[in-house]
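Fold and contact review
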Amino acid sequence: MCGRTACSLAADNLRRACAYRDRRGQHRQPEWVGGERYQPSYNKGPQSSGPVLLSRRHLHQDADSSERVLMDMRWGLVPSWFKQDSPSKLQFNTSNCRSDTMLSKSSYKGALLKGKRCVVLADGFYEWQQQSRGKQPYFIYFPQMKDAMEKETEGNEEWKGWRLLTMAGIFDCWEPPAGGEMLYTYTIITVDASKDVSFIHHRQVRAGKGMPAILDGDEAIRKWLDFAEVPTQEAVKLIQPTENIVFHPVSTFVNNIRNNTPECVAPIELGAKKEVKATQSNKVMLGWLKSSQEGSPQKKENDWPKWTSRFTYSPSPKKTSADVLQQWLGKQGQPAVKKHKA
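Overview of the structure. (Residues numbered from 1 in each chain as written. Predicted model: local features only at pLDDT ≥ 70, side-chain atom pairs only at ≥ 80, totals over all residues. Heavy atoms only, no water.)

Observations concerning the overall build of the protein
- A count of helical and extended segments in the protein gives eight helices and 15 strands.
- Buried positions account for 52% of the 342 residues belonging to the protein.
- In the structure as shown, the protein presents an accessible area of about 16,200 Å², 48% of it carried by carbon and sulfur atoms. (Helix = DSSP H or I, 4+ residues; strand = E, 2+ residues; numbered from the N terminus. Buried < 20%, exposed > 50% of the residue type's maximum accessible area, 1.4 Å probe, protein only. Areas by Shrake-Rupley, 256 points an atom, 1.4 Å probe, with all protein chains shown as cover.)

Quick look at the structure:
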């Protein structure tokens, strides 16, 4: 399942990171709807709000369905048919939606068949591996080009910074029975875990839980969002596990949802104490963490830590996320983590 994410880009840079080409081939940035509500965070959980992409036509019937907008929605879908006076009275968890039941469960079926498809945005998401001494958290994200953090620019230039993780979601709009402001909410679709990350939560996979359905590339995003051109039956074919992800272990500091600093995503040494220590491999990041935590809990995007190549993507068709993690652990003088069979 997906129960915790990070999305730390500021509102303007989030727009730039979501740039796309519309049906006419024009380069565009999605406009914010209610962007003043958006708050970056290193530690988002269900019931908090987060950024999603959706087709502009959901808001304006005469709009081109290929045009996109950004909205800050609450995580945890409240069906439009819910009749209670408060979303808090919803008796079931709708933060995740299993792909194998999304067309049969009433909470999601209606919205999905009406084309209410969205893309949930994040730097990455967290998963916990059950171990004898407790649970070890990992941060999971798209492979990044080397030195991506050094390439963030301002203005309308092409975005070359952090590549956002794009997860398939379903949204709905609930109106209080007594009237009032419409509430937009979403759920993240989940699929069976890919082979690379199945060792992290293989027990959860056997229990019927998995990882977010990740849309890899703008063509997949376009098809998922453009409900007027791509019918539901075609769109759901995009919901598949992906191998194009990498990960690293992080501190149990992230376990507490109230902790919202860069330390949540900082890599740690496995086999060492859980708190982040100044070692040869992470002293650059730790120096950045120390300076950034002296001020606002939100960082500036230009100050993102310069992660070393062991956490970034170097083109190699055979390199997997498990290999990246084992390489990093080996450099720390620690035994390599064994890759479990799915």
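A word on helix α2 (residues 106-113)
- Residues of α2 that are buried: Ser107, Tyr108, Ala111 and Leu112. Down the axis of α2, the sector holding all buried residues measures 100°, keeping them to one side.
- Contact partners of the buried residues in α2: β8 (96-98), β9 (117-122), β12 (165-174), β13 (183-191), α5 (218-225) and α6 (232-235).
- With its phi angle positive at about 80°, glycine 115 sits one or two positions after the end of α2. (Arc of directions from axis to C-beta. Contact = heavy atoms within 4.5 Å.)

A few points about α5
- Among the residues of α5, Ala220, Ile221, Trp224 and Leu225 are the ones counted as buried. End-on view of α5: buried residues confined to an arc of 125°, all on one side of the axis.

Regarding the pattern of salt bridges
- Scanning all chains against the criterion turns up 16 salt bridges.
- Arginine 98 is the partner of aspartate 100 in a salt bridge, and the nearest nitrogen-oxygen pair spans 2.7 Å.
- Residue class for aspartate 100 comes out exposed when judged on its relative accessible area of 54%.
- Using a relative accessible area of 37% as the deciding quantity, one classes arginine 98 as partly exposed.
- What you see here is one network of salt bridges that share partners, running through Asp22, Arg23, Arg24, Arg28, Glu31, Arg56, Asp64, Glu67 and Asp226. (Salt bridge = Lys/Arg side-chain N within 4 Å of Asp/Glu carboxyl O.)

Looking at the nonpolar core
- Ranked by size, the top nonpolar core spans 72 residues in total, and within it Tyr126, Ile170, Tyr186 and Trp224 carry the most contacts.
- Beyond its immediate sequence surroundings of up to four residues, isoleucine 170 is in contact with Leu77, Cys97, Met102, Tyr108, Ala111, Leu112, Lys116, Cys118, Thr185, Tyr186, Thr187 and Ile189. (Core = buried A, V, L, I, M, F, W, Y, C linked by side-chain atoms within 4.5 Å.)

Some remarks on the environment of leucine 14
- Relative to the helices and strands, leucine 14 resides in helix α1 (residues 11-17).
- In this structure the C-alpha to C-alpha distance between leucine 14 and leucine 121, which are 107 residues apart in sequence, comes to 9.0 Å.
- Excluding residues that lie within four positions of it along the chain, leucine 14 makes contacts with Cys7, Leu9, Trp32, Tyr38, Pro51, Leu70 and Leu164.

Describing the sheet that holds strand β5 (residues 41-44)
- Taken in spatial order, the five strands make up an open sheet running β5-β1-β10-β11-β15, and their pairing is antiparallel. Pairing within the sheet leaves two strands with one partner each, and these edge strands are β5 and β15 (246-249). Neighbour-to-neighbour, the strand axes of the sheet open up by a mean angle of 30°, direction not taken into account. (Pairing = 2+ DSSP bridges. Axes fitted to C-alpha atoms, helices over the stretch in contact; angles between N-to-C directions.)

What about the pairing of strand β7 (residues 68-75)?
- β7 sits mainly inside the fold: seven of its eight residues count as buried.
- With three bridges joining them, strand β4 (residues 31-33) and β7 adopt parallel strand pairing. What sits directly across from valine 33, in β7, is methionine 71.
- Sheet topology places strand β6 (residues 49-55) next to β7; seven bridges connect them, and they run antiparallel. Paired with valine 52 across the bridge in β7 is methionine 71.
- With two bridges joining them, β7 and β13 adopt parallel strand pairing. Counterpart to arginine 74 in the pairing with β13 is threonine 185.

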